[in-house]
Amino acid sequence: MTRCSSRKGTPLTDVVTQAAEVLKEHRQSIDRLDAILIYTLGERFKHTQAVGKLKAEHDLPPSDPAREAQQIERLEDLATEADLDPEFAKAFLNFIIQEVIRHHKKHQE
C-alpha cells in the first residue's frame, strides 16, 4: 500500500490522524460547554421562576421593558467583548426573555 505524503515529507495519514485528534478535542470542549450552557440556563430559569411567583403574589406585570432593554444592552456589550456577534446575543436573549415572560404569565393565571 502506498502512502501519500504532504509537502514536508510527513505521511498524509499522520496529518489526517493529527487533524482527527484535534477535531476530537474541539468536540469534547463543545460538549462540555453545551453542558455548562444547559445547567446555567436551568439555574437562570430557577431564579426567573422565583421572580415570576413574586410578581404574581404582588400583582406586578410579568414584563419589565426597562429591565429587558438594560439587559439586552449589557449583553450586547458582553458579546462584543467576548468576540460574539452582538445581534446573535440579542436574539438569544430576546428568546430567553420571551420564555421567561411566558412562565410569568402562567403564574398570574
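Use the structure listed above.
Read on for an overview of the structure. Remember, predicted model here, so these are calculated numbers, not experimental data. (Residues numbered from 1 in each chain as written. Predicted model: local features only at pLDDT ≥ 70, side-chain atom pairs only at ≥ 80, totals over all residues. Heavy atoms only, no water.)

A word on the overall build of the protein. The number of helices and strands found in the protein is three helices and zero strands. Starting at the N terminus and ending at the C terminus, the protein contains elements arranged as α-α-α. By the burial criterion, 16% of the 109 residues in the protein qualify as buried. By sequence separation, contacts in the protein at least 24 residues apart represent 55% of the contacts at least 6 residues apart. Counting only carbon and sulfur atoms, one obtains 59% of the accessible surface of the protein, whose full area is about 8900 Å². (Helix = DSSP H or I, 4+ residues; strand = E, 2+ residues; numbered from the N terminus. Buried < 20%, exposed > 50% of the residue type's maximum accessible area, 1.4 Å probe, protein only. Contact = heavy atoms within 4.5 Å. Areas by Shrake-Rupley, 256 points an atom, 1.4 Å probe, with all protein chains shown as cover.)

Moving on: a nonpolar patch on the surface. A surface patch of nonpolar side chains, amounting to about 280 Å² of accessible area, comprises Leu 84, Phe 88 and Phe 92. Among the secondary structure elements, Phe 92 is positioned in helix α3 (residues 86-108). Taking the relative accessible area as the measure of exposure, Phe 92 reaches 37% and is therefore partly exposed. (Patch = residues over 30% accessible without salt bridge, like charges linked within 9 Å, V, L, I, M, F, W, Y side chains within 5 Å. Salt bridge = Lys/Arg side-chain N within 4 Å of Asp/Glu carboxyl O.)

Moving on, we come to helix α2 (residues 65-81). In this model α2 runs 24 Å from its N-terminal to its C-terminal C-alpha over 17 residues, within 8% of the 24 Å that 1.5 Å per residue would give. Of the residues making up α2, those classed as buried are Glu 68, Gln 71, Ile 72 and Ala 79. Projected down its long axis, α2 carries its buried residues within an arc of 100°, all on one side. The exposed residues of α2 that point more than 90 degrees off its buried face are Ala 66, Gln 70, Glu 73, Thr 80 and Glu 81. Looking one or two places after α2, you find Asp 83, whose phi comes out positive at around 60°. (Expected span 1.5 Å × (residues − 1). Arc of directions from axis to C-beta.)

Let us now look at the environment of Lys 90. When you line up the elements, Lys 90 lands in helix α3. For Lys 90, a relative accessible area of 32% gives the class partly exposed. Sequence separation between Lys 90 and Gln 71 is 19 residues; the distance between their C-alpha atoms is 9.3 Å. Dropping the residues within four chain positions of it, Lys 90 is found in contact with Ile 72 and Glu 76.

Next up on the list: the packing of aromatic side chains. Under the counting rule described, the total for this entry stands at one aromatic pair. With 6.1 Å between their ring centres and 15° between their planes, Phe 88 and Phe 92 make a pair best called stacked. One end of the pair, Phe 88, and the other, Phe 92, are both in helix α3, four residues apart, so they sit about a helical turn from each other. (Phe/Tyr/Trp six-rings, centres within 6.5 Å; stacked < 30°, edge-to-face > 60°.)

Within the element layout of this structure, His 103 appears in helix α3. In this structure the side chain of His 103 is engaged in a polar contact, spanning 2.8 Å, whose partner is the side chain of Gln 49. (Polar contact = N/O pair within 3.5 Å; in protein donor to acceptor, adjacent residues only side chain to side chain.)

Turning our attention to the pattern of salt bridges. By the definition in use, this model includes two salt bridges. Between Lys 46 and Glu 43 there is a salt bridge; the shortest N-O distance is 3.7 Å. Placement of both Lys 46 and Glu 43 in helix α1 (residues 12-57) is noted, with a separation of three residues, approximately one turn of the helix. Taking relative accessible area as the criterion, Lys 46 reaches 56% and is therefore assigned exposed. As a salt-bridge pair, Glu 99 and Arg 102 come within 2.5 Å of each other at their nearest N and O atoms. One end of the pair is Glu 99 and the other is Arg 102, both in helix α3 and three residues apart, which spans about a single turn.

These figures capture arrangement, not role.
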